[in-house]
Amino acid sequence: MFIISLYKTFSFSLPSVNNINVSYWKNKAIRIIFALMPHQGLFIFMANKDVFDEEDVRRINAEFESLMSNLRRCNKPGDRELIEKAFALANDAHWNMRRKSGEPYIIHPINVAKIANQEIGLGTTSVVSSLLHDIVEDTDYTVADIEKVFGAKISLIINGLTKISGTYKKETSASMQAENFRRMLLTISDDLRVILIKIADRLHNMRTIDAMPEHKRMKIAGETVFMYAPLAHRLGLYTIKSELEDLSFRARQPQVYNEIAAKIKHGEKKSTAAINRFSLPIIEKLTEAGFEFDISGRPKSIFSIWKKMQAKNVPFEEIYDMLAVRIVFKPAPSIPEKTQCWNIYSIITDLYLPKPDRLRDWVSRPKPNGYEALHLTVMGPEGRWIEVQVRSERMDEIAERGYAAHWKYKGDESPESELDKWIKKISHILENQLEDPVEFLDEFKMNTFSTEIMVFTPKGLLISLPKGASALDFAYEIHTEIGNKAIGAKINYKLNPIGTILSSGDQVEIITSDIAKPDSGWLNYAHTSKAKASIMSAIRTQSREIIQKGLKILESQLSKSELTGETVKKLCAVFEMPSRNELLTNIGLENITPDEIRKNLKKRAPFIKWELKLPGSGKNRKSDKSHPAAVDKKESFLLSENPEDASYSYTIAKCCNPIPGDEVTGYHSPGDGSIIIHKSRCPEAIRLMSNEGNRIIAVKWAIHKLNSFKARIQMNGIDRIGVINEITNIISAELHVNISGINLAVNNGIFEGTIDLDTHHTKDLDSLILKISGINGIENVKRVEEYP
């Protein structure tokens, strides 16, 4: 009763005057109560029912009860009390807040805690941190307040989860969005739970994204597929990764998503029947062999199906490997899991014909994120390819829960796993981070999410490198000194330059020389962050040594009285050097000799006028293009046919060449202030959504009857007399589309090439492609999505 009375004294008995911050004093009351009796937080929740209606309170209680009744790994004494205390504080801090959907804000932290605990498998500390993750950012509480109540460990996680202030500025005008990513990633070496909770936070935000305005949906969806989905994949959270990709795809391209989803739904009964027919013989044989197992089947994710359609340039109906079957077995204690996986493989391939090039053995060598499984693709009973995944129960838990399960099965004496190595690699990248957050993020993504290749040392040691890595990257991966002394490489016993790109399976021997030294040109060959950082470090060291040498030479030519700042300035002017260090470097490299120094000191230094220009100052302030005018993001920007009708000029991005009818998004350029139009699925657009989401705006096409847009189609077929004439007649005579360029060639009776067109809409282009497809001898016609 004392606690409720104390709370009411602070929160309800304050005078109603403008200069009193009631929210502040209510929070102050909570802090005093926690200091006095830290485990009584739930009483505060019960007393504080003055804002939401009864339905809101019932919903909040039901959500929290759902969390508490399904807790996992929270069985130690005091765990439940700590979670209740965190909920009480979070609930009061967010009490008068609602999300865009209209639901009480506290529902979001509760759901993040559910995902962290029940879907990722994290424990009490993470549940508490999830409940509190928005408190510092959105309320009057500070990290210091959290530390006083919950301790240093939880406050460290909360600090990592808190975005930087909206007033953050940097001389490089770096993206605040990218800086927030960097801040989050920097916590990896301290506590990886920050990343896992952030992924849980993003997953719930994506599940509820429909309530957001379109420009916000595009920004959030873009950064999700650009950073969060690959991060989830790298941490072994495959189910979450797939859901993030699907939700992002639905937000960015809703029409395409819905079409594929409808087709999957339409064929659901047929797919289920096919999986059942396929599985029954396997179930019978595995049972006979004495295996204890579960078998399940499902269609692949919508995003992965769409990616296959794009990669193969075929419609949905021509994707034949959409079905996947998973076998999870309970391993026999006396037989290695690897052996049992291959035994199951043998049973399956006795029943169905395997596709050899689709065998993936991650049992012998797990993926860098710890994933272990045996994947094979076999021909099903109806002539359809079906993927089969074979896992033990341990492998399955690691596959579903990633990092959390990895540590559950890892003992103190266990050897360093691939996931351990990956975390070390990330720590190394973070130690050598770039100044610009956007550059840092691109570098981080390239080095940690790219496809990997496996190459061998001369002694057969396996080295993992990102795809596109060179022999120089390999040298630095072995040892920094080997990289610094590298002059060439023997790749598969053949001598090659140090910049040669490696392929999986190559055996590489680095040739070194004591006189070799890194220079700036080496950066053109370096792909990994380790190689780039080592080269830059070596160049800086060499530069310091050269400057010191130059200083010694200069000192030897001048007396102490002559060695003044004025003398150095005079020499810089005479030799046209922009700085003291540049002068000393040239002296150290002997580009400037001692005789030239003595001779030029006698000359009179030329007069140099120095002018300091401040960006955005004076009369030109209005023309400063780094501060474009604000765009109304609440309204979709209309891509009008007449540029004079638009409040802003727009240009079509050359990287993806969208035309009316394509799903598009706009990027407000910081340069000239114009809007650049990208296809929503364009990789560059996704990168911009992730790094500079505040510049992304919703756009939509107006009707274009006068203006035409460039498009390109590619085709091939059997050559015959008159086929080209038929194609051009359909384009120009029947459909009245202008041909702006044509490039066709014939080789051994097969013609192929491209035709450039001026068109008004994707419907016109689709109609044209359909018509050309009907010409006798035409094998394939498709639109070229990206071209110069």
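Cut-offs used in this document
Residues numbered from 1 in each chain as written. Predicted model: local features only at pLDDT ≥ 70, side-chain atom pairs only at ≥ 80, totals over all residues. Heavy atoms only, no water. Helix = DSSP H or I, 4+ residues; strand = E, 2+ residues; numbered from the N terminus. Contact = heavy atoms within 4.5 Å. Areas by Shrake-Rupley, 256 points an atom, 1.4 Å probe, with all protein chains shown as cover. Buried < 20%, exposed > 50% of the residue type's maximum accessible area, 1.4 Å probe, protein only. Polar contact = N/O pair within 3.5 Å; in protein donor to acceptor, adjacent residues only side chain to side chain. Phe/Tyr/Trp six-rings, centres within 6.5 Å; stacked < 30°, edge-to-face > 60°. Lys NZ or Arg CZ within 6 Å of the ring centre and 35° of its normal. Pairing = 2+ DSSP bridges. Axes fitted to C-alpha atoms, helices over the stretch in contact; angles between N-to-C directions. Parallel < 35°, antiparallel > 145°, perpendicular 65-115°, else oblique. Nonpolar A, V, L, I, M, F, W, Y, C, P; charged D, E, K, R; others polar. Expected span 1.5 Å × (residues − 1). Left-handed = near helix turned anticlockwise from the far one by under 90°. Arc of directions from axis to C-beta.

Quick notes on the overall build of the protein chain
A tally of regular secondary structure across the protein chain gives 31 helices and 20 strands. Pairs at least 24 apart in sequence give 67% of the contacts found in the protein chain among residues at least 6 apart. Within the structure as shown, the protein chain displays about 40400 Å² of accessible surface, and the carbon and sulfur contribution to it stands at 52%.

As for the side chain of Asp 758
Here Asp 758 shows up in strand S19 (residues 750-759). By relative accessible area, which is 15% here, Asp 758 ends up buried. At a separation of 3.0 Å, a polar atom in the side chain of Asp 758 contacts the side chain of Lys 710. Here Asn 738 takes part through its side chain, which lies 2.8 Å from a polar atom of the side chain of Asp 758. Among residues more than four places away in sequence, those in contact with Asp 758 are Ser 708, Phe 709, Lys 710, Val 737, Asn 738 and Ser 740.

So, the side chain of Ser 470
Relative to the helices and strands, Ser 470 is located in the loop between strand S7 (462-466) and helix H23 (471-478). With relative accessibility at 0%, the residue Ser 470 sits in the buried group. At 2.7 Å, the side chain of Ser 470 forms a polar contact with the backbone oxygen of Tyr 525. Apart from residues no more than four positions distant in its own chain, Ser 470 is found in contact with Ile 498, Gly 499, Thr 500, Ile 501, Leu 502 and Tyr 525.

Here we look at the packing of aromatic side chains
The full count for this structure, using the stated rule, is eleven aromatic pairs. Three or more aromatic residues joined by ring pairs make a cluster, and in this case those are Phe 249, Tyr 257, Phe 303 and Trp 306. Over the face of the ring belonging to Phe 150 we find Lys 85, whose NZ or CZ atom lies 5.1 Å from the ring centre. Taking NZ or CZ as reference, Lys 355 lies 5.0 Å from the ring centre of Trp 385, over its face.

Looking at the sheet that holds strand S5 (residues 385-392)
With respect to topology, five strands assemble into an open sheet ordered S1-S2-S5-S4-S3, the strand pairing being mixed. The open sheet has two edge strands with one neighbour each: strand S1 (292-299) and strand S3 (360-361). Pairing of strand S4 (residues 374-379) with S5, which is carried by six bridges, proceeds in the antiparallel orientation. In the sheet register, Met 379 faces S5, and the bridge partner there is Trp 385. Docked against the sheet, helix H16 (residues 268-288) engages S1, strand S2 (323-330), S4 and S5, running at close to 30° with respect to S2. Strands in contact with helix H19 (residues 393-401) are S2 and S5; relative to S5, the strand with the most contacts, it is inclined by about 105°.

A short note on the sheet that holds strand S10 (residues 508-512)
Spatial ordering of the open sheet is given by S9-S8-S10, a layout of three strands whose pairing is antiparallel. Edge positions in the sheet fall to strand S9 (494-496) and S10, since each has one partner strand and no second. Averaged over neighbouring strand pairs, the angle between their axes works out to 30° when direction is ignored. Two strands pair when backbone bridges link them, and strand S8 (residues 486-491) and S10 are joined in this way by five bridges, in the antiparallel orientation.

Here we look at the environment of Tyr 141
Relative to the elements of secondary structure, Tyr 141 occurs in the loop between helix H8 (135-138) and helix H9 (143-150). On a C-alpha basis, the gap between Tyr 141 and Ala 93 in space is 8.1 Å, while along the polypeptide they are 48 residues apart.

With respect to the packing of helix H13 (residues 214-234) against helix H29 (residues 683-691)
Contact geometry for H13 and H29: axes closest at 7 Å, N-to-C directions at 105°. Judged by the angle between their axes, H13 and H29 are roughly perpendicular. Contacts between H13 and H29 involve Met 218, Lys 219, Gly 222, Glu 223, Val 225, Phe 226 and Met 227 from the former and Ile 686, Arg 687, Met 689, Ser 690 and Asn 691 from the latter. Here the residues of the contact of H13 with H29 sort into six nonpolar, three polar and three charged.

Here we look at the environment of Ile 724
Topologically, Ile 724 is positioned in helix H30 (residues 723-734). Residue classification places Ile 724 among the partly exposed positions, given a relative accessible area of 33%.

Digging into H16
Over its 21 residues, H16 runs 30 Å from end to end, which matches the ideal 30 Å to within 8%, given 1.5 Å per residue. Those residues of H16 lying buried are Ser 271, Ala 274, Ile 275, Phe 278, Ser 279, Ile 282 and Leu 286. Turning to H16, the residues buried within the fold contact S1, S2, helix H18 (337-351), S4 and S5. Where H16 terminates, the next one or two residues include Gly 290, which has phi positive at roughly 90°.

With respect to the pairing of S19
Burial analysis of S19 places seven of its ten residues in the buried class, the great majority of the element. Sheet topology note: the strand S17 (residues 709-718)/S19 ladder contains ten bridges and is antiparallel. If you follow Ile 718 over to S19, its bridge partner there is Ile 750. Alignment of strand S18 (residues 738-747) against S19, held across nine bridges, turns out to be antiparallel.

Some details on the pairing of strand S6 (residues 452-456)
In S6, alternate side chains face the same way, and those of Ile 453 and Val 455 are buried while those of Glu 452, Met 454 and Phe 456 on the opposite face are not. In terms of strand pairing, S6 meets S7 through five bridges, oriented antiparallel. In the strand pairing of S7, Val 455 is matched with Ile 463. If you look at the hairpin formed by S6 and S7, you'll find five residues sitting between the two strands, and Gly 460 has a positive phi there, around 90°.

Details of the packing of H9 against helix H10 (residues 152-161)
It is at 7 Å that the axes of H9 and H10 come closest, and there the two elements cross at 150°. Between H9 and H10, the angle falls in the class roughly antiparallel. When you trace H9 past H10, the crossing you get is right-handed. Between H9, through Val 143, Ile 146, Glu 147 and Phe 150, and H10, the contact on the second element is made entirely by Ala 152, Ile 154, Ser 155, Ile 158 and Asn 159. A breakdown of the residues in the contact of H9 with H10 according to their chemical character gives six nonpolar, two polar and one charged.

Notes on unusual backbone geometry
Of note in this structure, Arg 73 is not a glycine but carries a positive phi near 55°. Take Arg 73: it is sitting in the loop between helix H4 (54-69) and helix H5 (79-93).

Let's talk about H30
Look at H30: 15 Å from first C-alpha to last across twelve residues, which is about the 16 Å you get at 1.5 Å a residue. Among the residues of H30, those classed as buried are Val 723, Ile 727, Ile 730 and Ile 731. Projected down its long axis, H30 carries its buried residues within an arc of 90°, all on one side. Those residues of H30 hidden inside the fold are in contact with S17, S18, S19, helix H31 (762-773) and strand S20 (778-783).

Coordinates in, geometry out; function isn't part of it.
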